[in-house]
Amino acid sequence: MGSMSMSTSGAPSSSSSSATTDLTIHIKNYGYSKLEVPAGATVTVMNMDPETHTVTADDKSFDVTAPGDQSVTFTAPSKPGTYTFFCKYHSNMHGTLTVK
Ligand SMILES: [Cu+2]
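No experiment lies behind these values; they were computed from the predicted model shown.

**Student:** In this structure, what is going on with the overall build of the protein chain? I would like to understand it.
**Tutor:** Looking only at helices and strands, the protein chain has zero helices and nine strands in total. Put simply, the protein chain runs from its N terminus to its C terminus through helices and strands in the order β-β-β-β-β-β-β-β-β. Within the protein chain, counting contacts between residues at least 6 apart in sequence, those at least 24 apart form 42% of the total.

Here it is in structure tokens:
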């Protein structure tokens, strides 16, 4: 709809040196890897456990289910911040997604 894109074209020139393009949250042994992504990015969830897990934001900004040994994707929130999330099936599983 709107033309809200007023960012300058080209590569972002923030001071961070090694920009990674691997936007993947790995799930292994009932734990999440930490990830920092650009706002609105497509994030891959790679579940390396045989068990189904979910990536469910505490504030419901995102909510995906990753069946065992499968990868799914979701869209990161458009608002920068630190998003905590959990697994619906294993209440002891918690992770953090940083959006910048
Ligand atoms: Cu789980």
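**Student:** When you look at the pattern of salt bridges in this model, what are you seeing that I'm missing?
**Tutor:** Two side chains of opposite charge can pair, provided their charged atoms sit close to one another. On inspection of all chains with the given rule, the structure shows two salt bridges. Where Glu36 meets Lys100, a salt bridge forms, and the shortest distance between an N and an O atom there is 3.0 Å. Separated by 64 residues along the polypeptide, Glu36 in strand E3 (residues 35–37) and Lys100 in the segment after strand E9 (94–99) bring together distant segments of the chain. For Glu36, a relative accessible area of 42% corresponds to the partly exposed category. A relative accessible area of 51% means that Lys100 is categorised as exposed. Note that Lys88 is salt-bridged to Asp63, the shortest N-O span being 2.9 Å. One end of the pair, Lys88, is in the loop between strand E8 (81–86) and E9; the other, Asp63, is in strand E6 (residues 63–66), with 25 residues separating them in the sequence.

**Student:** Looking at this structure, I do not really get the sheet that holds E9. What am I missing?
**Tutor:** To summarise the sheet geometry, strands pair through backbone hydrogen bonds and adopt either a parallel or an antiparallel arrangement. Reading across the sheet, the five strands line up as E3-E9-E8-E5-E6 and stay open at both edges, with mixed pairing between neighbours. The open sheet is flanked by E3 and E6, the only strands paired with a single partner. Pairs of neighbouring strands in the sheet enclose a mean axial angle of 25°, with direction left out of account. Where E8 lies against E9, six bridges are found, and the strand directions are antiparallel. Along E9, the bridge assignment pairs Phe85 with Gly95.

**Student:** For this particular structure, what's the right way to read the environment of Gly95?
**Tutor:** You can see Gly95 is positioned in strand E9. In this structure Gly95 comes out as buried when scored by relative accessible area, which is 11%. Residues Gly95 and Thr56, spaced 39 residues apart in sequence, show a C-alpha to C-alpha distance of 9.4 Å. If near-sequence neighbours (up to four positions away) are discounted, Gly95 is found in contact with Tyr32, Tyr83, Thr84 and Phe85.

Rules used in this analysis
Residues numbered from 1 in each chain as written. Predicted model: local features only at pLDDT ≥ 70, side-chain atom pairs only at ≥ 80, totals over all residues. Heavy atoms only, no water. Helix = DSSP H or I, 4+ residues; strand = E, 2+ residues; numbered from the N terminus. Contact = heavy atoms within 4.5 Å. Salt bridge = Lys/Arg side-chain N within 4 Å of Asp/Glu carboxyl O. Buried < 20%, exposed > 50% of the residue type's maximum accessible area, 1.4 Å probe, protein only. Pairing = 2+ DSSP bridges. Axes fitted to C-alpha atoms, helices over the stretch in contact; angles between N-to-C directions.

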